[in-house]
Structure formats: structure tokens, C-alpha cells
Amino acid sequence: MDLDYLQSVFPELLGGLRVTVVATLLGAAIALVLGLLIACVQVFRVPVVHQVVTVLVLAIRNTPLLAQLFFMYYVLPRYGIRFDAFTIGALALGLHFSCYAAQALKGGFLAVPKGQWEACQVLGLGNLTTLRSVVLPQALPPVIPTLTNLLISMFKDSAVLYAITIMELLGTTRNLASTSFQYTTLFTAMGLMYLVIALPASIGVRRYERRLNDRTVRA
Amino acid sequence: MTELSGKAGSGIAMAGVTKQYGDHRVLDAIDLDVRGGERVALIGPSGSGKTTVLRCIARLEAIESGSIRIEGHEIARMADARSGKASAEVAAAMRGVGMVFQQYNLFPNMTVLDNLTIAPVKVLGVDKAEARERAAGLLDLVGLGAKADAYPARLSGGQQQRVAIARSLAMQPSVLLFDEVTSALDPELVGEVLEVIRGVAAQSDVTMLIVTHEMQFARDIGDRVVFMEGGSVVEQGPPEKVLADPENERTQRFLRRLLNH
Ligand SMILES: Nc1ncnc2c1ncn2[C@@H]1O[C@H](COP(=O)(O)OP(=O)(O)O)[C@@H](O)[C@H]1O
Ligand SMILES: [Mg+2]
């Protein structure tokens, strides 16, 4: 490890990490909103939309994230859909992970007892109130660990954005290395930076799960 | 009683209602009328279709054929309808229908008070403060004024069911459906719930259709007792007649079996 060298490039590495984090957060927001929509469409079996979404989800879950990223980056512009690389990156992450988030959320919805939906219906609560005030508050807590694990996966997988020229943490590191050849120092520091963020999140999930289990065992 | 302003309309009218689960005919062209303000106890062996009757009236189930009217409005959900969604007119009629479930179905993520106010606020557009005030009054009525801020999980089954009754009353229904509301309870908690229902019956003129296995209760509360078996009404009449001196042989057999328990 060359600490002097590391110190000199540290701001650049931090800049890369910042891009990684921002892309992940944006992707997560997209994945959550889209995942909720997909889960609702599937739970309520919205005609036609439901079938279309199911096919799309299957396609996304069974092709590599990198392939989807290239598709959006190279193919969409040919049909007049143009975004900058970063937006495409965040969209691709969000779209990819929305399919997994939807699965988790759908599980959460279906785990809410049927009687809860029926009580809402008899009281005349509309679909939106039923979801927001009754179903989501019960469906979300059990799936928060799964969603957080997805967030951690997305954080790590955001490294693929390097492939479409986005200078996130991996790309920045690689670029620095290609001129300085300080591979050991750079890639060790990069690994530690990923860890510093992902590890506490993983530990947090573990703790939360244990607390949730305790509570359900006691209840 | 200001909390219970439920007004009696023309009640419930089911005519020729047939309900199937797959090939299994659960309601077989059943006719059942409950006049406005009347209290009808619905009894019958397990699997005879009592719950299904209530669920069809509450629009939780679609029916194959027949008609269900609430206060004169046709509300039946037909199995062959293109959408299960209620029209505005049906939704308005259904606002007057409350149901109390065997498993209470309180919202565990809300306090007792919020369980009572959510529907009046969101559906009827009642002002929040007013809804809370009315809810507090209803909780007093069911003897749980002190539990307004508790979460349902902290309450006993009997208390939860009393909250569920108060929740249905908060919508000022004209029709209330009760589905074996004491059968999930420990025996020592049954009395307090039945007492609350008796109180509601005495202080309002809400139309009530009550499925119950408690024959003494059916006798006290019912203006009429309806015995059903195999998806249709076998016998009905005044409680003292149907329960003490039934004419139909199947009613006799059912009551004899209950007695021998
Ligand atoms: N969701 C369902 N799917 C299939 N069969 C059902 C369903 N619900 C009820 N049944 C059947 O319908 C019949 C009547 O049920 P139910 O109305 O619950 O009777 P009761 O309340 O009198 O015990 C029973 O044979 C029951 O097995
Ligand atoms: Mg039943």
C-alpha cells in the first residue's frame, strides 16, 4: 500500500464513490416505485397490463443486467429515446431491480390476511386507502430485509455502469490504475470503500430480522 | 342514543340466490327477507351456507343468479358481470351495510380509535375531530372507553370483538351482519360480546342478521329465527316456535344434536 499515493487520489476515489451512491439511490427510488406498481398490477390482476408486465418481468429476470444496460444505451437512441449515460444507468438499475422488489412486495401483500382486505371492503375503503393505510403498513415490515438486501446488491452491481462510461467507483479506480499502475493500493482501497458502506447495511438487516422474529415469536 | 342513529329502512331482500364454488352449489335459490329494523338469527349446521349468505349480502362474493336488495337497491355482485366493481349507486347502498367477522379483522397497525375513525373520515368525509368524538362515544358504549389509544394486539379477544362492533357502528349502518362473532372466543369472553350486541339492539333500530351457535342468544335477540341447511331455508318463525317446537324434521334433528353436546 502506498499511502502517500492513496492520499493524493483519495478525493477522486471519493468522487467515484459519490457517483456510485447517487446512482444506487436513484435506482432504488425507481425500483421501489416501479416495484410497487408491478406488485399492485399483479396482486389486483389488472387485465392485459398484468400479462404484459409478467412477460416483461420474465425477460428482465432472465437476462444479464449488463445486457439490459447496453440495450438501453445503444438501442433506445436509435428509436429517438435519448438520455445521458447517467440517467440510462440509473434507469437500468431501477428497472432491473424493480422486478425483484416487485416479487418481494407481492409476497408481502399476499401475506396480509384476507380478512384485512375484506374488512376494508365492507367499510367501503377504496383501493388506494386500503393499500396505503392498511395493507402497506402490514406488508412492508416483513419485506424490509429483502428490500435492503436488494439495495446492497444494487450498490455492488452498479459497478456495471462503468461499461457505459460512467465514472463511478470501479471506473474511477480502473482509470487511475491505468496511468499510475498502483493496482494493489487502488483496488484494495476501492474494495474497502464498497465494504464500508455495504457491511453496516448487511449487519443492520441481520439485526432488524432478529428483532422482527423476536416480535413475531412473542406475539 | 345519539351514537346509534341507524335508521331502519326496508332491510334485506334475497330472492332466488344461487351461489356456487365450482360445481358445488352452496346456496340453492335461497329466499331470505329481513324487514327494516328486524333482528333475525340465522342458524344451521356447519357448512349449510350461513357465512356465504352474509358474504353475498356484503358483496364479498359474487352470485350465479338471483337478486339481493338492500333498502330497495339491487346490490348483488353477479358472477358473470364484466367487473366486480360497484357502481356509485351500489357503493352508496353498501355504505349502510356493516359486517362483524368471526376473526374480528381489526387493523393491527392502528390504534383502537383509528380503527373506528378511518372509514367515517375516508368514506363519509366526516371531519376528523368529529369522527374521534363519535368514536369515543362508541367505545364507551361497548365498555372500552379506556382503550382508545391501545393497539388491538394488547386486547383480549372479547375486547377486540367489541371494538370491531364499534367500528362497524361508526359507519352508522342501517344493516348489520354478524358472522358467529363469538365462536373464536374463550367461553368466558362470550358473554361480554353478546351483551354488547344486545345493547346495540336495544338502543337502535338497525336491521340485524345474526349467524350464531348460541341458541339462548338467538332466542333473546331474534324477532325471528331462520334455520337453513344445504343452502336453503328449511324453517323459520318466532324463536320460541322454531327453537322449542320445530315442525321440520331436519330442524328437530339439528336442535337435538346441539342439545346432546
Ligand atoms: N372459498 C370457498 N371455496 C370453496 N368452497 C367453499 C368456500 N367457502 C365456503 N365453501 C363451502 O361452502 C359451503 C358453505 O360454507 P359456509 O357458508 O361457510 O357455511 P357455514 O357458515 O354455514 O358453516 C361449505 O360446504 C364450504 O365448504
Ligand atoms: Mg360460517
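Residues numbered from 1 in each chain as written. Chains lettered and ligands numbered in written order. Predicted model: local features only at pLDDT ≥ 70, side-chain atom pairs only at ≥ 80, totals over all residues. Heavy atoms only, no water.

K.L.:
Sorry if this is basic, but what is going on with the sheet that holds strand E2 (residues 24–34) of chain B here?
P.N.:
By way of backbone hydrogen bonds, the strands of a sheet pair with one another, either parallel or antiparallel. All names here are of chain B. Taken in spatial order, the four strands of this open sheet run E2-E1-E4-E5, and their pairing is antiparallel. The sheet terminates laterally at E2 and strand E5 (73–74), the two strands that pair on one side only. Here strand E1 (residues 12–21) pairs with strand E4 (residues 65–70) via five bridges, running antiparallel. The residue of E4 that forms the bridge with alanine 15 is serine 67. (Pairing = 2+ DSSP bridges. Helix = DSSP H or I, 4+ residues; strand = E, 2+ residues; numbered from the N terminus.)

K.L.:
Looking at this model, I keep getting lost on the nonpolar core. Mind explaining?
P.N.:
In a soluble, globular protein the nonpolar side chains are often hidden away together inside. Formed by 44 residues in total, the largest nonpolar core has its most connected members in Val53, Leu177 and Leu209 of chain B. For leucine 209 of chain B, the residues in contact, after removing those within four places along its chain, are Ile12, Leu32, Val34, Val40, Leu42, Val53, Leu54, Ile57, Leu176, Leu177 and Phe178 of chain B. (Core = buried A, V, L, I, M, F, W, Y, C linked by side-chain atoms within 4.5 Å. Buried < 20%, exposed > 50% of the residue type's maximum accessible area, 1.4 Å probe, protein only. Contact = heavy atoms within 4.5 Å.)

K.L.:
Looking at this structure, I do not really get the UniProt feature "domain: ABC transmembrane type-1" (unreviewed entry) in chain A. What am I missing?
P.N.:
This chain's UniProt record puts "domain: ABC transmembrane type-1" (unreviewed entry) on residues 17–205 of chain A. Spanning residues 17–205 of chain A, this segment combines 81% helix with 0% strand, and its end C-alpha atoms are found 22 Å apart. (UniProt positions renumbered as here; feature names shortened; annotations may be inferred.)

K.L.:
Hey, could you run me through the site of ligand 1 in this one?
P.N.:
Residue and element names in this part refer to chain B. As a structural note, the neighbourhood of ligand 1 is formed by Tyr21, His24, Val26, Pro45, Ser46, Gly47, Ser48, Gly49, Lys50, Thr51 and Thr52. For ligand 1, an oxygen atom lies 3.0 Å from a polar atom in the backbone of glycine 49. One of the side-chain nitrogen or oxygen atoms of lysine 50 is found 2.8 Å away from an oxygen atom of ligand 1. For ligand 1, the protein covers 60% of the area, taking 560 Å² as the surface of the free molecule. (Near = heavy atom within 4 Å. Polar contact = N/O pair within 3.5 Å; in protein donor to acceptor, adjacent residues only side chain to side chain. Areas by Shrake-Rupley, 256 points an atom, 1.4 Å probe, with all protein chains shown as cover.)

K.L.:
How should the state of the cysteines be read in this particular structure?
P.N.:
Two cysteines, two sulfur atoms, one covalent bond between them: this is a disulfide. Residue and element names in this part refer to chain A. In total, this model carries zero disulfides over all chains according to the counting rule given. Cysteine 120 carries a free sulfur, and the closest cysteine sulfur to it, the one in cysteine 40, is 14 Å from it. The exposure class assigned to cysteine 120 is buried, which follows from its relative accessible area of 0%. (Disulfide = S-S within 2.5 Å.)

K.L.:
How do you make sense of the interface of chain A and chain B when you look at a structure like this?
P.N.:
Quoted interface sizes are often the accessible area lost when the parts come together. Taken residue by residue, the interface counts 17 residues in chain A and 21 residues in chain B. Both sides together, the interface formed by chain A and chain B hides about 1500 Å², and carbon and sulfur atoms give 63% of it. The largest share of the area that chain A buries against chain B comes from Glu118, Val122 and Leu123 of chain A, three residues that together contribute 39% of it. Inspection of the region where chain A meets chain B yields one salt bridge. (Buried area = accessible area lost by both parts, 1.4 Å probe. Salt bridge = Lys/Arg side-chain N within 4 Å of Asp/Glu carboxyl O.)

K.L.:
For this particular structure, what's the right way to read helix H6 (residues 127–157) of chain A?
P.N.:
In an α-helix, one turn spans 3.6 residues, which is why side chains three or four residues apart end up on the same side. An ideal rise of 1.5 Å per residue puts 45 Å on 31 residues; H6 of chain A reaches only 35 Å between its terminal C-alpha atoms. Largest kink in H6 of chain A: about 55°, centred on valine 143 of chain A, with the proline proline 145 of chain A one to four residues after it. (Expected span 1.5 Å × (residues − 1). Bend = angle between axes of the 7 residues up to and from the residue.)

K.L.:
How should the UniProt feature "domain: ABC transporter" (unreviewed entry) in chain B be read in this particular structure?
P.N.:
In the UniProt entry, the feature "domain: ABC transporter" (unreviewed entry) is given for residues 12–255 of chain B. Helix and strand shares over residues 12–255 of chain B are 37% and 25% respectively, and the end C-alpha atoms of the span are 26 Å apart.

K.L.:
Which parts of the structure should I look at to understand the sheet that holds strand E7 (residues 175–179) of chain B?
P.N.:
Residues and elements named next belong to chain B. With mixed pairing, six strands are arranged side by side in an open sheet as E6-E7-E8-E3-E9-E10. Unpaired on one side and paired on the other, strand E6 (97–100) and strand E10 (232–237) mark the two borders of the sheet. For this sheet, the mean inter-axis angle between neighbouring strands, taken without regard to orientation, is 20°. (Axes fitted to C-alpha atoms, helices over the stretch in contact; angles between N-to-C directions.)

K.L.:
Is there a simple way to think about the pattern of salt bridges in this case?
P.N.:
Side chains carrying opposite charge are able to pair once their charged atoms draw close together. Residue and element names in this part refer to chain B. The final tally for this structure, using the stated rule, is 15 salt bridges over all chains. Put simply, aspartate 28 and arginine 25 hold a salt bridge, and the shortest N to O gap is 3.4 Å. Here arginine 25 falls in the partly exposed class, since its relative accessible area comes to 43%. A salt bridge links arginine 198 to glutamate 195; the shortest N-O distance between them is 3.4 Å.

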